[in-house]
Amino acid sequence: MPNAEINTGLVFDIVRYMIEDGPGIRTCVFFKGCPLRCKWCSNALGLEPWDEIAYINNKCLKCHDCLAVCSKHALSKDDQGHVQIDYTKCNKCGDCVQVCESAALQVIGKKYSVDELMKIVDRDRVFYRREGGGVTVTGGEILMQAGFVYKFLKKCQESYISTAIETSAYGQWNMLEPILRVTDFIFIDLKHVDSKIHFDLTGVSNELILQNIQATSAFCLDNPTDFIIRIPVVTGLNDDLSELVKTAKFLQKLQGVKPEVNLLPYHPYGINKYCWVGKNYELQSVVPPSGEHLQNLSSLFIEKGLKCTVGGSEVSSFQLNKL
Ligand code: SF4
Ligand code: SF4
């Protein structure tokens, strides 16, 4: 369910000096909460639309001060002295976080107002101007907090800071369209063009996403904006050539602006974060796709007349003179 709160946004990370998710040097703001459950997701901390207590085991000193302060008896220790959290008992009071000197226990998710976020992103204004960078909002899924995201991006643009969004486009068009109006670079993820397979891989079907991609293509015709479709390439799950031919045909037939395609090879980074918040990671034995396979997939899109690059920062068509 989208969060109707528009005065504050729940954020689980803010990363400065990023060189992906848009041109130049960027500050990426990660919004918490996502309606999809992609099997390969590397952002386990962004899945739930609420704050969470995380236990980062390699920071733990095994002092066990935390166990003594938990009034809900939600904490215990295992045979190796690592702390276990019983999330069915934890009320997220944060008392354990306060006593943990090594920051092994942390609250994931913090509310910010637009002004508070602006103060943070404004610190790197000099880098944005020099490198054609700016702010990227991502997640999680930004459409879960569409009202606040719109207000934040609008304020960025009013402050002459370039904006980029990264979204699954799994939300109503009337939430996405206002955001597009305050966005300079649009990244939409497309995990699979077949709805049933999309459901198996992500937990949701893709009709809404395909409709929004079509609508965004038309939108960009009237409102020139860089438009990039990102396709995660996950070995054995969505990297079949014949299936990606269908994706290329779908994009080729869009009635408005033809997006550039960006292939994102699967990587296993972020797996360890699942256990920080008591979740399991399903894809234990998937290996990243080979360079040769990625080039073959890239050729499929290029043959259909689409620009296609491999990797998160390899987009070729950025217009760097917008501001
Ligand atoms: S207080 Fe922190 S360092 Fe000490 S046992 Fe608990 S989690 Fe580990
Ligand atoms: S947040 Fe509060 S209830 Fe939850 S484990 Fe820590 S002390 Fe216990």
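Counting of residues starts from 1 at the beginning of each chain's written sequence and follows it residue by residue. Written order decides the labels, with chains lettered from A and ligands numbered from 1. Reporting in this predicted model follows two pLDDT cut-offs: at least 70 for local features of residues, and 80 or more for side-chain atom pairs to be given and counted; totals over whole chains, interfaces and linings ignore these cut-offs and use all residues.

Caption draft 1: Highlighting the overall build of the protein. Strands here mean DSSP runs of E at least two residues long; helices mean DSSP runs of H or I at least four residues long; both are numbered from the N terminus. Along its length, the protein carries 11 helices and 13 strands. Overall, the protein is about 65 × 45 × 35 Å in size when its C-alpha atoms are taken along their principal axes. Around each residue's C-beta, the other C-beta atoms within 10 Å are counted; 20 or more make the residue buried, 12 or fewer make it exposed, and counts in between make it partly exposed. All C-beta atoms are placed from the backbone. Of all 323 residues assigned to the protein, the portion counted as buried reaches 39%. Each residue gets a C-beta atom placed from its backbone, and two residues are in contact if those atoms lie within 7 Å. The long-range share in the protein, meaning contacts at least 24 apart out of those at least 6 apart in sequence, stands at 74%.

Caption draft 2: Spatial organisation of the site of ligand 2. In this entry, near means the residue's backbone-placed C-beta atom lies within 6 Å of the molecule or strand. Taken together, 14 residues form the shell around ligand 2, and within it Cys70, Ala74, Cys90, Cys93 and Cys96 come nearest. Charged means Asp, Glu, Lys or Arg here, nonpolar means Ala, Val, Leu, Ile, Met, Phe, Trp, Tyr, Cys or Pro, and polar covers whatever is left, Gly included. Considered class by class, the residues forming the shell around ligand 2 number nine nonpolar, two polar and three charged.

Caption draft 3: Highlighting helix H8 (residues 207-222). The span one expects for a helix is its residue count, reduced by one, times 1.5 Å. Between its terminal C-alpha atoms H8 stretches 23 Å, which fits the 22 Å expected from 16 residues at 1.5 Å a residue. Within the sequence span of H8, burial applies to Ile209, Asn212, Ile213, Thr216, Ser217 and Phe219. The arc enclosing the buried residues of H8, seen along the axis, measures out at 165 degrees, which places them on a common side. Turned more than 90 degrees off the buried face of H8, the exposed positions are Glu207 and Asp222. Directions are taken from the helix axis to each C-beta atom, and the arc is the one they span.

Caption draft 4: Expanded view of unusual backbone geometry. Cis geometry marks the peptide bond from Gly139 to Gly140, where omega comes out at 20 degrees. One non-glycine residue with positive phi stands out, namely Lys62, at about 60 degrees. Following the sequence through the fold, Lys62 ends up in the loop between strand S3 (52-55) and helix H1 (65-69). You will see that Tyr160, though not glycine, has its phi angle at about 60 degrees, which is positive. Here Tyr160 shows up in the loop between helix H5 (146-158) and strand S9 (163-167).

Caption draft 5: Up close: the sheet that holds strand S12 (residues 260-265). Between any two strands, pairing holds if DSSP finds at least two bridges. The strand order across the open sheet built from nine strands is S7-S1-S2-S8-S9-S10-S11-S12-S13, with neighbouring strands paired in mixed fashion. Across the chains shown, the open sheet's two edge strands, defined by having one partner strand only, are strand S7 (110-112) and strand S13 (308-310). Across the sheet, the axes of successive neighbouring strands diverge by a mean angle of 30 degrees, strand direction being ignored. For helices, the fitted line uses only the C-alpha atoms of the stretch in contact; every axis is such a line through C-alpha atoms, and the angle between N-to-C directions lies from 0 to 180 degrees.

Caption draft 6: Structural detail: the pairing of strand S8 (residues 134-139). The element S8 is largely enclosed, with a buried count of six among its six residues. Sheet topology note: the strand S2 (residues 26-31)/S8 ladder contains six bridges and is parallel. Residue pairing across strands places Phe30 opposite Thr138, the latter belonging to S8. Relative to S9, S8 runs parallel, the two sharing three bridges.

Caption draft 7: Molecular detail of the domain arrangement of the protein. An automatic or database domain assignment provides the domain bounds reported here. Per the domain assignment, the segments making up the protein are domain 1 (9-49 + 110-310) and domain 2 (52-106). Here the C-alpha centre of domain 2 lies 33 Å away from the C-alpha centre of domain 1. Residue-level contacts link five residues of domain 1 with six residues of domain 2. Among the residues making up the side of domain 1 that touches domain 2, the classes are represented as three nonpolar, one polar and one charged.

Caption draft 8: Main features of the nonpolar core. Core analysis: the biggest nonpolar cluster contains 78 residues, and Phe31, Val137, Val149, Ile179, Ile186 and Ile229 have the highest contact counts within it. Among the elements that line this core, the one with the most residues is H5, at seven residues. Structurally, this core is a two-domain feature, drawing no fewer than three residues from each of domain 1 (9-49 + 110-310) and domain 2 (52-106). In contact with Ile179, other than residues within four places in its own chain, are Ala146, Val149, Tyr150, Leu153 and Ile165. In this usage, the nonpolar core is the set of buried Ala, Val, Leu, Ile, Met, Phe, Trp, Tyr and Cys residues whose C-beta atoms join them within 7 Å.

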